[in-house]
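Here's the letter readout for the chains.
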Amino acid sequence: MRHEIKHGPSFASLFLDLEAGEKIRTEAGCMVGMSPNLQIKTKAYGGLFKAIFRRLLGGESAFQNTYTAEGGPGRLICSPTMPGQIRHYPLTRDKALMMQGSSFLACDPSISMKTAYGGVKAMVSGEGLFLLKLKGEGDLFYNSYGEILEVDVDGEYVVDTGHIVAFEDTLKFKVGKVGGLKSTLLSGEGLVARFKGRGKLYIQTRTLGALLGWITPFLPVR
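Keep in mind the model is a prediction, meaning the values are calculated, not measured. (Residues numbered from 1 in each chain as written. Predicted model: local features only at pLDDT ≥ 70, side-chain atom pairs only at ≥ 80, totals over all residues. Heavy atoms only, no water.)

(A) Here's a closer look at the sheet that holds strand E10 (residues 104-107). Strands sit in the order E5-E6-E3-E10-E13-E8 across an open sheet of six strands; the sheet is antiparallel. Two strands close off the open sheet at either side, each with one partner strand: strand E5 (38-43) and strand E8 (86-91). Direction aside, neighbouring strands of the sheet carry axes that sit 20 degrees apart on average. Here six bridges tie E5 to strand E6 (residues 64-69), and the two strands are oriented antiparallel to one another. In the sheet register, Thr-42 faces E6, and the bridge partner there is Asn-65. (Pairing = 2+ DSSP bridges. Helix = DSSP H or I, 4+ residues; strand = E, 2+ residues; numbered from the N terminus. Axes fitted to C-alpha atoms, helices over the stretch in contact; angles between N-to-C directions.)

See the structure below:
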């Protein structure tokens, strides 16, 4: 399978060229266009109960689509709901990738997806009480609101909690204050996540919450 990411970073779309018999699993509703020979199957990945569980607690759609190129090669075009960047992550069996549910876009069907308990720290951080844990080997594509920055952590790194997109499971984090009480309340930074370990961390340059906070004062009040 060949892939190309176009029109980024602001309005990126994913172009996938599948050979005959190849498959790709995607987030529901992301298809923009496709070759007529692509066959689509929709199912609740991991069973209906687990899919609903991921939807309610992980922010990911309950259903996913699997596209198969039948009778020859075919092309699939996918775009995320929010404008922003798309990244490719070649997942290997030696590590897993933790991700906020709304960032998943597409992956090789052999990759497993589970909802991992993030503890109270994840709920407080604004990333939800549960994260997605992706394991296996193959192509994985994820997206963000804004551009994605890749940080190679070797030791410790601090990031605003609302900007976390994904991180390798070799990293652990704790949520805490940015400084003293005055800084936490008045700096505009709120809480931060302190990552420790060695691995890659992916953060987004914008947050939807900040955009909504900027727009809200301009909305008419009845």
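(B) How the structure looks around the layout of surface pockets. Estimated volume of the second largest pocket: approximately 200 Å³. In terms of residues, the lining of the second largest pocket owes the most to one element, E5, which gives four residues. Grouping the constituent residues of the lining of the second largest pocket by class yields three nonpolar, three polar and five charged. (1 Å grid on protein atoms, 1.4 Å probe; cavity = no way out; pocket = protein on both sides within 12 Å on 5 of 7 lines; lining within 4 Å. Points joined across faces, edges and corners; volume = space filled by probe spheres on them. Nonpolar A, V, L, I, M, F, W, Y, C, P; charged D, E, K, R; others polar.)

(C) How the structure looks around the packing of aromatic side chains. Inspection of the entire model under this criterion finds five aromatic pairs. Counting every residue linked through ring pairs, the aromatic cluster contains Tyr-89, Tyr-142 and Tyr-202. (Phe/Tyr/Trp six-rings, centres within 6.5 Å; stacked < 30°, edge-to-face > 60°.)

(D) Structural detail: the pattern of salt bridges. For the coordinates displayed, the defined rule picks out seven salt bridges. Of the charged contacts, one joins Asp-152 and Lys-200 as a salt bridge, the two residues approaching to 2.6 Å between their closest N and O atoms. Of this pair, Asp-152 sits in strand E14 (residues 148-160) while Lys-200 sits in strand E17 (residues 191-204), and the two are 48 residues apart along the sequence. Counted as one network, the salt bridges with shared partners bring together Arg-87, Glu-150, Asp-152 and Lys-200. (Salt bridge = Lys/Arg side-chain N within 4 Å of Asp/Glu carboxyl O.)

(E) Region of interest: the side chain of Gln-204. Among the structural elements, Gln-204 can be located in strand E17. Note on Gln-204: relative accessible area 8%, which makes it buried. Only 3.4 Å separates the side chain of Gln-204 from the backbone oxygen of Gly-162, close enough to count as a polar contact. Residue contacts for Gln-204: discarding those within four places in its chain leaves Gln-100, Ser-144, Tyr-145, Glu-147, Gly-162, His-163 and Val-165. (Buried < 20%, exposed > 50% of the residue type's maximum accessible area, 1.4 Å probe, protein only. Polar contact = N/O pair within 3.5 Å; in protein donor to acceptor, adjacent residues only side chain to side chain. Contact = heavy atoms within 4.5 Å.)

All we've got here are geometric facts, nothing functional implied.
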